[in-house]
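Read off the chains here:
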Amino acid sequence: MSTTISRSASGVPGLDEVLHGGLIGGKLYMLNGEPGAGKTTLALQYLLQGVREGDTTLYVTLGETASELRVTAESHGWSLDGIEIVELVVDERALLGESDLTMYYPSEVELHETTQRILEAVERVKPRRMVLDSLSELRLLAQTLLRYRRQILALNQFLAGRNCTALFLDDRTTESIDTQVHSVAHGVIALDRTVPAYGPVLRQLRITKFRGSDFISGRQDCILTRGGLEVFPRLTPNEHGAVFSRDVVPSGVPALDALLGGGTARGTATLLVGPSGSGKSTIAAQYAVAATQRGAHAAIFTFEEAKALLLDRLRALGLSVDEGAGPSKLMVRQIDPAEVLPSQFVNMVRRAVEAEGATVVVIDSLNGYINAMPEKRALMIQLHELLSYLNNRGVATFLVAAQSGMLGEGLHNVVDASYLTDAVVLFRMYEHAGAMRKAISVVKKRSGPHEDTIRELWFDALGVHLGPPLKHLRGVMTGVPVEIEAVAKPGAASNDERAGRS
């Protein structure tokens, strides 16, 4: 006979997904992290969620005062109404000897007296959710590890029969982690905080223990802003599939679709690679705009180009852009790699797909993406997870990657993601007839046949154009091709011809 596990929602966006539904109710959990990691904020979010659900809540503080907690709450725009706060600290009158001791300071009171005050508060409030802040004060009072561990065990046994889910905070002030105390807890949540050489503080959350339930392991990126802590779970692609038809996703340019053997398909990823200025971003945006013209929703995430400049450039090509979320809309999101965490970006993509219904996603470019995650191995693992997720959701994904250099053999990839994608479209700049021109070719397509020709590519006010195969030139990929025959062939459109077509 199976029993249903009662879950206690954390109130922290993303954390319940990491915990596969939330904390298991009626259990004791340890929440540890150095000062400034966000422990108090997370604890308050948990209690405020309880208030919203009608639970009785209790916050027992051995360090911060109630007024300090309220200041923290106000900084996030919260009210602590509905949370019972019990502070076991000394007030100014007690220090001056002007009154009886009404609040307790850990260093001046025996451990059993402090513990008794905690038990009395629990008996009086009968909380469904409780926070004890923090264990470092109890550790100082206990003086010995044995006595400290016994007190934690006693508190756990006391709470066990009262259907109370408790968070015990620890600020890692000891030299080493007390694993024996962690063994008492049903689960352990760790908050890590790293200060890089440049950029904002990097915050991560880890579930180091969670009895009776699966969870997403490893480090989860998170941010702490006005409004509280937000966690960005690491992707598990197999858990986010959807049923879809593998329809062809046309570009709206017949010659381009012919080059790709009829077009790309939903549930596949296409890499557009070439030097800067060769037309990669424009071709990717062409697919996105064409999708909106068919009534679908498309999203472009740009790391380098300013949003306003991208939209102006698309309009200059004669592409009608209706910006926004939902059917027939194009969403353009400008990403600052110095401010956006890798998992935060992944969750932006997820939101565009799951909440807004995007079926075409453009990531422009991988060079900017790698700046958000300097460790190349971690980038490739996360990129593999992201592409698997998008493929499982039936999204046609376009990745833009700029090669270093401009012409010839000096080109090289900053990051090689070709093996992760289903199709690779190669762009080149070449010199011919006294002008710099662009060339496009398809070098890989897993889902079907494709042309093996190299075609000239150009843009004007009427949009995207591809010329016939450049059969009269040899060495286009080197950047300085030569004529195979002395007489001019119609393979390369002249400047006058292109001007006439426009």
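Higher on the page you've got the structure.
This write-up is about the structure you can find in this document. (Residues numbered from 1 in each chain as written. Predicted model: local features only at pLDDT ≥ 70, side-chain atom pairs only at ≥ 80, totals over all residues. Heavy atoms only, no water.)

When helices and strands are tallied, the protein shows 15 helices and 25 strands. Here the protein holds 502 residues, and 53% of them are scored as buried. As presented, the protein carries roughly 22300 Å² of accessible surface, and 51% of it is formed by carbon and sulfur atoms. (Helix = DSSP H or I, 4+ residues; strand = E, 2+ residues; numbered from the N terminus. Buried < 20%, exposed > 50% of the residue type's maximum accessible area, 1.4 Å probe, protein only. Areas by Shrake-Rupley, 256 points an atom, 1.4 Å probe, with all protein chains shown as cover.)

Moving on to the nonpolar core. Soluble, globular proteins show a tendency: their nonpolar side chains are buried together. Grouped together as the largest cluster of nonpolar side chains are 37 residues, with contacts concentrated most on Phe301, Phe345, Leu366, Tyr369 and Leu386. When residues of this core are assigned to their parent elements, the largest contribution, seven residues, is made by helix α14 (residues 376-392). The residues contacting Leu386, other than those within four sequence positions of it, are Leu235, Phe345, Val346, Val349, Ile363 and Tyr369. (Core = buried A, V, L, I, M, F, W, Y, C linked by side-chain atoms within 4.5 Å. Contact = heavy atoms within 4.5 Å.)

This next bit is on the pairing of strand β4 (residues 57-61). Of all five residues in β4, five are buried; the element is thus mostly enclosed. The side-chain alternation of β4 yields two buried faces, one formed by Thr57, Tyr59 and Thr61 and the other by Leu58 and Val60. Crossover handedness for the path β4 to helix α3 (residues 66-75) to strand β5 (residues 83-87): right-handed. Direction of pairing for β4 relative to strand β6 (residues 129-133): parallel, over a ladder of five bridges. Pairing of Leu58 across the sheet is with Met130, part of β6. (Right-handed = clockwise from strand over helix to strand, strands pointing away. Pairing = 2+ DSSP bridges.)

Further remarks concern the pattern of salt bridges. Per the counting criterion, the structure on display carries 17 salt bridges. Two residues, Glu323 and Lys307, come together in a salt bridge whose shortest N-O distance is 2.4 Å. Taken together, the residues span a long stretch of sequence, with Glu323 in the loop between α11 (307-316) and β16 (330-334) and Lys307 in helix α11 at a distance of 16 residues. The class for Lys307 is partly exposed, based on a relative accessible area of 29%. Residue Arg315 is joined to Asp312 by a salt bridge in which the shortest nitrogen-to-oxygen separation is 3.6 Å. On the criterion of helical spacing, the pair formed by Arg315 and Asp312 is a turn pair, its members being three residues apart in helix α11. Look at Arg315 and you get partly exposed, because its relative accessible area is 45%. Overall, Asp312 belongs to the partly exposed group, its relative accessible area being 48%. (Salt bridge = Lys/Arg side-chain N within 4 Å of Asp/Glu carboxyl O.)

It is at 12 Å that the axes of helix α5 (residues 111-125) and helix α7 (residues 145-160) come closest, and there the two elements cross at 15°. In terms of their interaxial angle, α5 and α7 are classed as roughly parallel. Taken as a pair, α5 and α7 cross one another with a handedness that is right-handed. In this structure, α5 contributes Leu111, His112, Thr115, Ile118, Leu119, Val122 and Glu123 to the contact, and α7 contributes Arg147, Gln151, Leu155, Phe158 and Leu159. In the contact of α5 with α7, the residues fall into seven nonpolar, three polar and two charged. (Axes fitted to C-alpha atoms, helices over the stretch in contact; angles between N-to-C directions. Parallel < 35°, antiparallel > 145°, perpendicular 65-115°, else oblique. Left-handed = near helix turned anticlockwise from the far one by under 90°. Nonpolar A, V, L, I, M, F, W, Y, C, P; charged D, E, K, R; others polar.)

Attention shifts here to the packing of aromatic side chains. All chains considered together, the criterion is met by seven aromatic pairs. Residues Tyr29 and Phe210 carry aromatic rings whose centres are separated by 6.1 Å and whose planes lie at 55° to one another, so their mutual orientation is tilted. On the criterion of sequence distance, the pair formed by Tyr29 in strand β3 (residues 28-33) and Phe210 in strand β9 (residues 202-210) is long-range, its members being 181 residues apart. Of the two residues, Tyr29 and Phe210, both sit in the buried class. Seen from their ring centres, Phe303 and Tyr369 are 6.1 Å apart, and the 25° between their planes marks the pair as stacked. Here the residue Phe303 occupies a position in the loop between β15 (297-302) and α11, and Tyr369 occupies one in helix α13 (residues 366-372), the gap between them amounting to 66 residues. Each of the two residues, Phe303 as well as Tyr369, counts as buried. Aromatic rings pair up to connect Phe301, Phe303, Phe345 and Tyr369 into one cluster. Here the basic side chain of Arg129 rests over the ring of Tyr46, its NZ or CZ set 4.3 Å away from the ring centre. Lying across the ring of Phe158, Arg162 places its NZ or CZ 3.7 Å from the centre. (Phe/Tyr/Trp six-rings, centres within 6.5 Å; stacked < 30°, edge-to-face > 60°. Lys NZ or Arg CZ within 6 Å of the ring centre and 35° of its normal.)

Taken residue by residue, a regular strand's side chains alternate between the two faces of the sheet. The pairing of β15 with β16 spans five bridges and is parallel. Along β16, the bridge assignment pairs Thr302 with Gln334. Regarding the hand of the β-α-β motif, the stretch spanning β15, α11 and β16 is right-handed.

With respect to the secondary-structure elements, Val482 resides in strand β25 (residues 482-483). Judged by relative accessible area, which is 39%, Val482 ranks as partly exposed. With near-sequence residues (within four places) excluded, Val482 lies in contact with His472, Leu473 and Arg474.

This part covers the sheet that holds strand β8 (residues 187-194). If you trace the nine strands from one edge of the open sheet to the other, you get β5-β4-β6-β7-β3-β8-β9-β10-β11, paired in mixed fashion. Two strands bound the open sheet, and with one partner strand each, they are β5 and β11 (228-232). Between one strand axis and the next, the sheet turns by 20° as a mean value, whatever way the strands run. Sheet topology places β9 next to strand β10 (residues 219-225); four bridges connect them, and they run antiparallel. Along β10, the bridge assignment pairs Arg203 with Cys222. Contacts from helix α6 (residues 135-142) reach β3, β6 and β7 (165-170), with the element oriented near 70° to β7. Relative to the sheet, α7 contacts β3, β6 and β7, its axis offset from that of β7 by approximately 160°.

Here we take up the side chain of Thr115. Mapped onto the secondary structure, Thr115 falls in helix α5. Judged by relative accessible area, Thr115 falls into the buried class, the value being 8%. Here the side chain of Thr115 touches Gln151 through a polar contact of 3.0 Å, side chain to side chain. Each residue touching Thr115, except ones within four places of it in the same chain, is listed here: Gln151 and Leu155. (Polar contact = N/O pair within 3.5 Å; in protein donor to acceptor, adjacent residues only side chain to side chain.)

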